[in-house]
Amino acid sequence: MWRDHDFRRLWAGQTASQLGEHASLVVLPLFAVLTLRAGAGQLGALRAVGQAPILLLSLFAGAWVDRWRTRTVMVLADAGRALALGAAAVAGLLGGLGLPALLVVAFAVGALSVFFDVAYQASLVRLVERDQLVPGNSALEGSRSAAQTGGPALGGALVSVLSAPIAAASGALFFALSFLSIRRIGRRESLPDRPERPARVWRRIHEGLRFVDGDTLLRTVCLASAAFQFFFAAAMTLYLLFLPRDLHLSGTAVGLALAATGPGALLGSLLAARLPGRFGHGAVLVSAAALGDGVFLCVPALHGTPAVTVPALLAVGFVFGAAGQLVNVTVMAVRQTVAPDGMQGRVAATINFVGMGVTPLGSLLGGFLAEVWGTRTSLLVTAAGMLLSPALMALSPLARLGRTLPGPREAVVTSA
């Protein structure tokens, strides 16, 4: 696969794009705090505005991606994000960037990131043969995991060493590099067949929702993802309270515990290229999800000094990252194999929308439980709730998937 020049260009472009995206998630808030002296409420609003496009635009992005060439969507998204961050950097250096303008930049970067992420998930199916999806996803998700770990650290370092406006310009440079790499993909995509009278965007969104709901495997992936994301959001809210308050860890120790998932995710990406083909996709999914979610039950049991708790947290984070990434890559391969080419974008967007749409409710639940039951008990309850996800998988046909995946299911496409 690595001999395929177009795949390498996609991998390089996606890596640069993910670095720019995750660095900007740190750079823009620091810009607001350090340069604009934003308060806690304003900073919360900035983060919410940047995350809002996931809920507002995911389904629309899926409908559009299925009618466009993914290469076109990705390069336009990269160009737009580079221009937005570049304009913010210039305005910041000139002293003309206020909080309202920064909110616009955050929303624009978040919206274009939604389109890029949906397009790159659909692009692999159009670029490689279906029997190469698992190793292809392993490579792409491995670089994404590295970017998720290194991007925020890079963004924070750039702000500390240089300045917030110059750090924003550096983020724009990553998007420009992604633009140049993906633009060089030479393989011409074959667009799915279109009806003579294309359906309106709402009808195409409905087709995607109906397709996911009508396929047992995809419906289970959707439900399991929603269950995991809901309880994980609650658990993470409690986790960030539990570490400094109950375990009395410093900010550096908390950051180190969070960063441990990154190396684990890289290992999970490597394992995902081998284990499903050896033990079966269903067995890997259920066992990895149970291991990754179950290991979180160890956290509420921790007591003692940082010399004891920090190594234990590092081990938990590493196992959680490895198992979680193994699940992510395998689920993506199942999704890409089951969905026909003309439905790839909408299926990805539907699963992202349903899975990530419940996270605000989970975060609110975590804060509420902390006040009612305390952090340790609440963390135990929400960590146990995460096991609902592998339970749903184990009770579904997803658990019976073997070493080879089924072919794509036929989609019913309406014309009006």
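Here the residue numbering is sequential within each chain, running from 1 through the sequence in written order. For a predicted model such as this one, the threshold for reporting local features is a pLDDT of at least 70, and the threshold for listing and counting side-chain atom pairs is 80 or more; totals across whole chains, interfaces and linings nevertheless cover every residue. Remark: hydrogens and water are excluded; side-chain values derive from all non-hydrogen atoms of the structure.

Some remarks on the overall build of the protein chain
The line we're drawing: Strands here are runs of E lasting at least two residues and helices are runs of H or I lasting at least four, both read from the DSSP assignment and numbered beginning at the N terminus. All accessible areas in this document rest on Shrake-Rupley with a 1.4 Å probe, and a residue is counted as covered only by the protein chains that are shown.
Within the protein chain, the regular secondary structure consists of 17 helices and 0 strands. Counting only carbon and sulfur atoms, one obtains 66% of the accessible surface of the protein chain, whose full area is about 18200 Å².

Here we look at the packing of aromatic side chains
Put simply, the rule reads: Aromatic pairs are defined between Phe, Tyr and Trp rings, using the six-membered ring for Trp, whenever the two ring centres lie within 6.5 Å; interplanar angles under 30 degrees are classed as stacked, those over 60 as edge-to-face, and all others as tilted. Throughout, exposure labels follow a simple rule: accessible area from a 1.4 Å probe, protein chains only, divided by the maximum for the residue type, with under 20% read as buried, over 50% as exposed, and the rest as partly exposed. Geometrically, a lysine NZ or arginine CZ counts as sitting over a ring once it is within 6 Å of the ring centre and also within 35 degrees of the ring normal.
Summed over all chains, the structure comprises 8 aromatic pairs. Ring geometry for Phe 116 and Tyr 120: centres 6.3 Å apart, planes at 35°, overall tilted. Residue Phe 116 and its partner Tyr 120 are located together in helix 4 (residues 99-127), separated by 4 residues, close to a single helical turn. On the basis of relative accessible area, Phe 116 is assigned to the buried category, the value being 0%. Residue Tyr 120 is classed as buried on the basis of its relative accessible area, which comes to 2%. Taking the centre distance of 5.2 Å and the plane angle of 10° together, the rings of Phe 228 and Phe 232 count as stacked. One end of the pair is Phe 228 and the other is Phe 232, both in helix 8 (residues 216-245) and 4 residues apart, which spans about a single turn. In terms of burial, Phe 228 and Phe 232 fall into one category: buried. A cation over a ring is seen here: Arg 81 above Phe 116, with NZ or CZ 4.8 Å from the ring centre.

So, the nonpolar core
Nonpolar side chains tend toward joint burial in soluble globular proteins. Rules: Buried residues of nine kinds, namely Ala, Val, Leu, Ile, Met, Phe, Trp, Tyr and Cys, make up a nonpolar core once their side-chain atoms join them within 4.5 Å. Any two residues whose heavy atoms approach within 4.5 Å are treated as being in contact.
One finds Leu 218, Val 327, Val 347, Met 393 and Leu 398 to be the most contacted residues of the largest nonpolar core, which totals 26 residues. Those elements giving two or more residues to this core turn out to be helix 7 (201-214), helix 8, helix 12 (281-294), helix 13 (306-338) and helix 14 (344-357). Top element by residues in this core is helix 13. It accounts for 6 residues. Met 393 has contacts with Thr 220, Ala 224, Leu 285, Val 286, Ala 289, Val 327, Leu 398 and Ala 399, leaving out every residue within four places of it along the chain. In terms of nonpolar packing, the next biggest core, distinct from the first, is built from 25 residues, Leu 238, Val 299, Phe 320 and Ala 383 among them.

Examining the packing of helix 7 against helix 14
To be explicit about the condition: For helices, the fitted axis covers only the stretch in contact; all axes are lines through C-alpha atoms, and the angles between them, taken along N-to-C directions, range from 0 to 180 degrees. Note that the term roughly parallel is reserved for angles under 35 degrees, roughly antiparallel for angles over 145, roughly perpendicular for angles of 65 to 115, and oblique for everything else. Under the scheme applied here, ten amino acids are nonpolar (Ala, Val, Leu, Ile, Met, Phe, Trp, Tyr, Cys and Pro), four are charged (Asp, Glu, Lys and Arg), and all others, including Gly, are polar.
Here helix 7 crosses helix 14 at 70°, and the two axes come no closer than 9 Å. Looking at the two axes, helix 7 sits roughly perpendicular to helix 14. Residues Arg 204, Glu 207, Gly 208, Leu 209, Phe 211 and Val 212 of helix 7 lie in contact with helix 14, whose contacting residues are Arg 346, Val 347 and Thr 350. Grouping the constituent residues of the contact of helix 7 with helix 14 by class yields 4 nonpolar, 2 polar and 3 charged.

Notes on unusual backbone geometry
One non-glycine residue, His 248, adopts positive backbone phi at about 60°. Position of His 248 among the secondary structure elements: in the loop between helix 8 and helix 9 (251-259). Residue classification places His 248 among the exposed residues on the basis of a relative accessible area of 61%.

Some words on the confidence of the model for the protein chain
The condition that has to hold: Every residue is assigned a pLDDT by the predictor, reflecting its confidence on a scale from 0 to 100.
Averaged over every residue, the pLDDT of the protein chain is 82; residues scoring 70 or more account for 87%. The secondary structure element of the protein chain with the lowest average pLDDT is helix 5 (residues 133-161), at 68, and the one with the highest is helix 17 (residues 388-394), at 96.

Focus: the pattern of salt bridges
Selection rule: Any Lys or Arg side-chain nitrogen located within 4 Å of an Asp or Glu carboxyl oxygen qualifies as a salt bridge.
All chains considered together, the criterion is met by 3 salt bridges. Of the charged contacts, one joins Glu 21 and Arg 81 as a salt bridge, the two residues approaching to 3.7 Å between their closest N and O atoms. Linking Glu 21 in helix 1 (residues 5-35) with Arg 81 in helix 3 (residues 70-93), this pair joins segments that are 60 residues apart in sequence. A single burial state applies to Glu 21 and to Arg 81, both of which are buried. Salt-bridge contacts for Glu 207 lead to Arg 346; the nearest nitrogen and oxygen are separated by 2.8 Å. Of the two residues, Glu 207 sits in helix 7 while Arg 346 sits in helix 14, which places them 139 residues apart along the sequence. Note on Glu 207: relative accessible area 3%, which makes it buried.

So, a nonpolar patch on the surface
As a reminder of what qualifies: Patches draw on residues past 30% relative accessible area with no salt bridge. Two like charges within 9 Å are joined, as are two nonpolar side chains (Val, Leu, Ile, Met, Phe, Trp, Tyr) within 5 Å.
Taken together, the side chains of Leu 93, Val 161, Leu 162 and Ile 166 make up a nonpolar region of the molecular surface, amounting to roughly 390 Å² of accessible area. With respect to the element layout, Ile 166 can be found in helix 6 (residues 164-183).

As for the side chain of Asp 78
Where we set the bar: Under the rule applied, a polar contact is a pair of N or O atoms within 3.5 Å (in protein, one hydrogen donor and one hydrogen acceptor; residues adjacent in sequence only if both atoms are side-chain atoms).
When you line up the elements, Asp 78 lands in helix 3. Judged by relative accessible area, Asp 78 falls into the buried class, the value being 0%. A polar contact of 3.5 Å, which involves the side chain of Asp 78, links it to the backbone nitrogen of Phe 179. Non-local contacts of Asp 78, meaning those with residues more than four positions away in its chain, are made with Ser 17, Phe 116, Phe 175, Ser 178, Phe 179 and Ile 182.

Topic: the environment of Thr 305
By secondary structure assignment, the location of Thr 305 is in the loop between helix 12 and helix 13. For Thr 305, a relative accessible area of 46% gives the class partly exposed. Between the C-alpha atoms of Thr 305 and Leu 247, which are 58 residues apart in sequence, the distance is 7.5 Å.

Quick word on the side chain of Asp 117
Secondary-structure assignment places Asp 117 in helix 4. At 3.4 Å, the side chain of Asp 117 forms a polar contact with the side chain of Gln 18.

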